[in-house]
Amino acid sequence: MKRPIYLDNHATTPVDPRVLEAMLPTFSVDFGNPASPNHAYGWEAEERVQIAREQVAAVIGAEPEEIIFTSGATESDNLAIRGTALAQRPRGSHIITAATEHRAVLDPCARLAREGFHVTVLPVQSGGLIDLAALEASITDETTLISIMAANNEIGVLQPLHEIGALARARGALFHTDAVQAFGKVPLDVDAAKIDLLSISAHKVYGPKGVGALYVRRRGPRVRLTPLIDGGGHERGLRSGTLNVSGIVGLGRAAELAAAEMDQESRRLRLLRDRLLGRLREGLPEVHVNGTLDSRLPGNLNVSFGQLEGEALLLALSDIALSTGSACTSAQQEPSHVLKALGLSEAMVKSSVRFGIGRFNTVEEIDFAASRVADEVRRLLALSPLTAHRQAGLDSPAEDWPSR
Ligand SMILES: *Cc1c(COP(=O)(O)O)cnc(C)c1O
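What you are looking at is a predicted structure, and each value in this text was computed from that prediction instead of being measured. (Residues numbered from 1 in each chain as written. Predicted model: local features only at pLDDT ≥ 70, side-chain atom pairs only at ≥ 80, totals over all residues. Heavy atoms only, no water.)

## A closer look at unusual backbone geometry
Under the convention used in this document: Elements are defined by DSSP. Helices are runs of H or I of four residues or more, strands are runs of E of two residues or more, and each kind is numbered from the N terminus.
The step from Gly220 to Pro221 runs through a cis peptide bond, and the omega angle for that step is 0°. Among the structural elements, Pro221 can be located in the loop between β8 (212-216) and α7 (245-283). Backbone geometry places Tyr206, a non-glycine residue, at a positive phi of 70°. As for its position among the elements, Tyr206 is in the loop between β7 (197-201) and β8.

So this is what it looks like as structure tokens:
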């Protein structure tokens, strides 16, 4: 059986063969523990980890010592938010985040709120961007942390990091950004954007699953963190536990490749994305793009088709791997909190589909997907009671119809 065409690159990405090649020796000959100081196995492992630290740091303009390896971005987000909130508690207990953040940010903030912290969750504008004036107005002398993501995992919208960083720095608050979807896809510079903490994950940039990193600023200001995991004192005492050397080597190589190929790859992905949108618009009466196209990841397209169920559409499209909303929350089958935050109606949220175009997608795949999606959407719309109603020349709001 032919495998479905993979267009869900925001959920995860395949490991690039060049990344796999770099990882392979670490499973066999070079299997040492970087914390073993007494022999060549340990030194070699330590050296490989050091190279990866440099490779990751270089992508964001950081120093290698400012990179803490973790089990993935969920851990990085938790360490950044909980770690700084607890360490700074004597100074203040106010945290600011936004409604469209990943659950790996929202949930640790919610837990802190239950523990007595004051958390402001900023709304977003209809295009998905936060309102900088609202952010500025919400900062108080008690604010110790602002956590706003770089690129959204559902709608690909890029937040104005430089402006947020400047506001945070001016008011003495730390700035954390979940840069999982942006890392290696768009330029990031922790000094230019005054970012103090930045989360990344290997498996969203063609590296392996189960490994990530947190950038923690060392100078101007030096960020203090309370660790979540205590043990052998690895990673400057901020994240104990034997390092996942294979994963770290993979993350390093993935970072290096992404940076080297970023310009070329973004141009190609943008062309594919625009081609996909163009074809959908040619073939369909209603294609609503969720989130602004002006500030967006090149490989992301999130659209709503109106009166149909995204779930039903994806079931019919068994030859294409796509997603409605975010894969992380769709296990719970809840309507996307991101699309709801944009102010979309329930029908528009339900009929949304996320396309995540990636490194290994071809023009042929995009053309095939566009025509398959358009065909199935037309078929489902023809079955919809509202469409029948409209065609009969009657116009009535969707609310008049019982939900199916
Ligand atoms: C995937 C993702 C995460 C979680 O990363 P893991 O490494 O899978 O834990 C966090 N934030 C965003 C924006 C993501 O897309």
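## Some thoughts on the nonpolar core
Rules: Here, nonpolar core refers to any group of buried Ala, Val, Leu, Ile, Met, Phe, Trp, Tyr and Cys residues whose side-chain atoms link them within 4.5 Å. Only protein chains enter the accessibility calculation, which uses a 1.4 Å probe; a residue whose area is less than 20% of its type maximum is buried, one above 50% is exposed, and one in between is partly exposed. Just so you know, the domain bounds were taken from an automatic or database domain assignment. Throughout, a contact is declared for two residues whenever any of their heavy atoms are within 4.5 Å.
With 61 residues, the main nonpolar core has Ile60, Ile67, Phe69, Ile146, Phe183, Leu188 and Leu198 as its most contacted residues. At seven residues, the largest contribution of residues to this core is made by α7. For this core, the domains that each give at least three residues are domain 1 (5-10 + 262-384) and domain 2 (17-257). Beyond its immediate chain neighbours, meaning those up to four positions away, Ile60 contacts Ile67, Phe183, Leu188, Asp189, Val190, Leu198 and Tyr215.

## What to know about the pattern of salt bridges
This is how it is decided: The salt bridge definition used is simple: a Lys or Arg side-chain nitrogen within 4 Å of an Asp or Glu carboxyl oxygen.
Enumeration over the complete set of coordinates arrives at 23 salt bridges. For Arg18, the salt bridge identified is with Asp16, shortest N-O distance 3.0 Å. Looking at Arg18, the relative accessible area reads 32%, which means it is partly exposed. The partner of Glu376 in a salt bridge is Arg372, with the nearest N and O atoms 3.2 Å apart. Of the two residues, Glu376 and Arg372 are both situated in helix α12 (residues 363-383); the distance of four residues between them amounts to about one turn of the helix. The pair Glu376 / Arg372 is uniform in exposure class, with both members buried. Salt bridges sharing common partners tie together Asp16, Arg18, Glu261, Glu265 and Arg359.

## Here's the deal with the sheet that holds strand β10 (residues 300-304)
We count it as follows: Any two strands between which DSSP finds at least two bridges are classified as paired. Orientation is described by axes fitted as lines to C-alpha atoms, over the contacting stretch for helices, and by angles from 0 to 180 degrees between their N-to-C directions.
Judged by pairing direction, the sheet is antiparallel, and its three strands sit side by side in the order β9-β10-β12 without closing on themselves. Looking along the sheet, the strands with just one partner apiece sit at the ends: β9 (288-289) and β12 (352-356). The pairing of β9 with β10 spans two bridges and is antiparallel. Its bridge partner lying in β10, His288 is registered against Ser304. Relative to the sheet, α7 contacts β9, β10 and β12, its axis offset from that of β10 by approximately 20°.

## Points about helix α2 (residues 40-60)
How we decide: One less than the number of residues in a helix, times 1.5 Å, gives the span that helix is expected to have.
Look at α2: 31 Å from first C-alpha to last across 21 residues, which is about the 30 Å you get at 1.5 Å a residue. On its buried side, α2 packs onto β2 (67-70), β7, β8 and α7. Trailing α2 by a residue or two, Gly61 shows a phi angle of about 70°, which is positive.

## Description of the site of the ligand
Our working definition: For this purpose, a residue is taken to be near a molecule or strand whenever a single non-hydrogen atom of the residue falls within 4 Å of it. For the purposes of these results, a polar contact is taken to be a pair of N or O atoms within 3.5 Å, where, inside protein, one atom must be able to donate a hydrogen and its partner to accept one; residues adjacent in sequence count only when each atom of the pair is a side-chain atom. Only the protein chains shown count as covering a residue, and every accessible area follows the Shrake-Rupley method with a 1.4 Å probe.
Residues in close proximity to the ligand total 13 residues, the closest being Thr74, Asp178, Gln181, Ser201 and Lys204. Within the side chain of His203, one N or O atom sits 2.8 Å away from an oxygen atom of the ligand. Here an oxygen atom of the ligand sits 2.7 Å away from a polar atom, N or O, in the side chain of Lys204. In isolation the ligand exposes 380 Å². Once the protein is present, 89% of that is buried.

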